Amino acid sequence: MSATIFDSRPLAARMMAELQQEAAEFRKQHRRSARLAQIIIGRDPAAEVYSRQLVRSCRRIGLSCVTLAYPFEVEEEEIRSEVATLSEAPTTDGIVLLLPLPDHIRQRVVTEILRPEKDVDGLGPRNAGNLLLGFPSFIPSTADVVLTVLREAGIRVAGQHAVIVGRSNIGGKPIALTLMREDATVTICHSQTRDLAEITRSADILVVSTGKPGLITAEMVKPGAVVLDAGITTVDGKVVGDVDSESVARVASFLTPVPGGLGPLTHLMLIRHTLLGPQ
Ligand SMILES: Nc1nc(=O)c2c([nH]1)NC[C@@H]1CN(c3ccc(C(=O)N[C@@H](CCC(=O)O)C(=O)O)cc3)C=[N+]21
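None of the values given here were measured: they were computed from a predicted structure. (Residues numbered from 1 in each chain as written. Predicted model: local features only at pLDDT ≥ 70, side-chain atom pairs only at ≥ 80, totals over all residues. Heavy atoms only, no water.)

Let's talk about the packing of helix α6 (residues 141-152) against helix α10 (residues 263-276)
The relative placement of two packed helices comes down to the angle between their axes together with the axis-to-axis distance.
Phase 1: It is the contact of α6 with α10, at a shortest axis distance of 8 Å, that shows an interaxial angle of 105 degrees. As judged from the angle between their axes, α6 and α10 are roughly perpendicular. Counted together, Ser141, Thr142, Asp144, Val145, Thr148 and Val149 of α6 and Leu265, Thr266, Met269, Leu270 and His273 of α10 form the full contact between these two elements.
Phase 2: Of the residues in the contact of α6 with α10, the class split is five nonpolar, five polar and one charged. (Axes fitted to C-alpha atoms, helices over the stretch in contact; angles between N-to-C directions. Helix = DSSP H or I, 4+ residues; strand = E, 2+ residues; numbered from the N terminus. Parallel < 35°, antiparallel > 145°, perpendicular 65-115°, else oblique. Contact = heavy atoms within 4.5 Å. Nonpolar A, V, L, I, M, F, W, Y, C, P; charged D, E, K, R; others polar.)

Looking at the packing of aromatic side chains
Phase 1: A complete count under the given rule lists one aromatic pair for this structure.
Phase 2: Note on Phe6 and Phe254: the rings are 6.0 Å apart at their centroids and 50 degrees apart in plane angle, and the pair reads as tilted. Residue Phe6 is found in the loop between β1 (4-5) and α1 (9-30), and its partner Phe254 is found in strand β11 (residues 254-255); the two are separated by 248 residues along the sequence. The two residues Phe6 and Phe254 agree in class, both being buried. (Phe/Tyr/Trp six-rings, centres within 6.5 Å; stacked < 30°, edge-to-face > 60°. Buried < 20%, exposed > 50% of the residue type's maximum accessible area, 1.4 Å probe, protein only.)

Observations concerning the UniProt feature "domain: Tetrahydrofolate dehydrogenase/cyclohydrolase NAD(P)-binding" (unreviewed entry) in the protein
Phase 1: As recorded in UniProt, the sites labelled "domain: Tetrahydrofolate dehydrogenase/cyclohydrolase NAD(P)-binding" (unreviewed entry) are residues 140-275.
Phase 2: The span residues 140-275 is 32% helical and 19% strand by assignment, and the distance between its end C-alpha atoms comes to 15 Å. (UniProt positions renumbered as here; feature names shortened; annotations may be inferred.)

Considering the domain arrangement of the protein
Phase 1: Along its sequence, the protein is carved into domain 1 (26-115) and domain 2 (140-264).
Phase 2: Placing a centre on the C-alpha atoms of domain 1 and another on those of domain 2 gives a separation of 27 Å.
Phase 3: With five residues of domain 1 at the contact, the number on the domain 2 side is five residues.
Phase 4: In this assembly, domain 1 packs against domain 2 so that about 400 Å² is buried in total across both faces, 66% of it on carbon and sulfur atoms.
Phase 5: Broken down residue by residue, the surface that domain 1 buries against domain 2 is led by Pro45, Ala46 and Leu99, which jointly contribute 53%.
Phase 6: Applying the counting rule to domain 1 against domain 2 returns zero salt bridges. (Domains from an automatic or database assignment. Buried area = accessible area lost by both parts, 1.4 Å probe. Salt bridge = Lys/Arg side-chain N within 4 Å of Asp/Glu carboxyl O.)

Notes on the UniProt feature "binding site: NADP(+)" (unreviewed entry) in the protein
Phase 1: The UniProt feature table records "binding site: NADP(+)" (unreviewed entry) at Gly166, Arg167, Ser168 and Ile232.
Phase 2: Mapped onto the secondary structure, Gly166 falls in the loop between β5 (161-165) and α7 (172-181).
Phase 3: On the basis of relative accessible area, Gly166 is assigned to the buried category, the value being 7%.
Phase 4: Not counting residues within four places of it along the chain, the set of residues in contact with Gly166 comprises Gly172, Lys173, Ile188, Cys189, His190, Ser209 and Thr210.
Phase 5: With respect to the element layout, Ile232 can be found in the loop between β8 (226-229) and β9 (233-235).
Phase 6: Residue Ile232 is classed as partly exposed on the basis of its relative accessible area, which comes to 40%.
Phase 7: The contacts of Ile232, once residues within four sequence positions are left out, are Ala46, Val239, Val240 and Val258.

Thoughts on the packing of α6 against α7
Phase 1: Contact geometry for α6 and α7: axes closest at 8 Å, N-to-C directions at 40 degrees. Here α6 is positioned oblique relative to α7, judged by the angle of their axes. Crossing handedness for the pair α6 and α7: right-handed. For the pair formed by α6 and α7, the contact residues are Thr142, Ala143, Val146, Leu147 and Leu150 on the first element and Pro174, Ile175, Thr178, Leu179 and Arg181 on the second.
Phase 2: For the contact of α6 with α7, the per-class residue count stands at seven nonpolar, two polar and one charged. (Left-handed = near helix turned anticlockwise from the far one by under 90°.)

In structure tokens form, the structure reads like this:
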């Protein structure tokens, strides 16, 4: 078996065109451009890559993008008050807090005051709760991208065994919930899981989101499985995923590569949330 390697470019181009239309529609209706505010604290390389993608695509699509960059030492209260101000600002439509946050800044404290209807990456308790309960909500962009790519590739989810490796609040956890909503049978694995390979080998759909380059090797994948790599780690300035793609491509039937797979769609999905609202 040799996997189909997913190429996100055609889908990215279609999303870009759709979003340009939506942004124009927004301007017509509101007599101003939609506005996305991003808050980035410190100098995490992956967050910086993502931040630049947002700036560039907002410009191409026709949104205004405000970047608020803070040094690592910034106090929690300053971020909290910035989020409160943006939440009240009538011309700010979406707010995203780029992770990771420094340890002294509590995600709960800063997302609690983020208005749910502007929390376009689903970071706050209201959206996360709504996702858990199956109510309309903003879901973290990566989870939305996973669903969209499975749909795009015509991969059936209902009844399939989906194994998720990783349990972060913007990765594994929401991916597991969205796949469960699509009627998959879901198993969640993480750093403390015993016999990881045995579990991943039983996956029809394997989604990996750990930030551990090379974690998933061919022996851990069932022949013919669908493998989605949502890992993003920067090594020597290059972005790498969690899957040893060379070996896994020989076993899987479908594989999303890093770079060029899920990654380039993530920020477009965030812009989509800003323009279209919760789903
Ligand atoms: N609230 C929040 N939501 C996020 O989704 C979020 C975040 N915070 N903090 C930072 C991480 C990192 N992240 C990336 C997504 C895609 C690429 C990406 O598109 N990478 C390209 C490669 C780019 C290159 O090679 O320079 C690719 O995979 O092909 C990178 C980084 C989203 N994150």
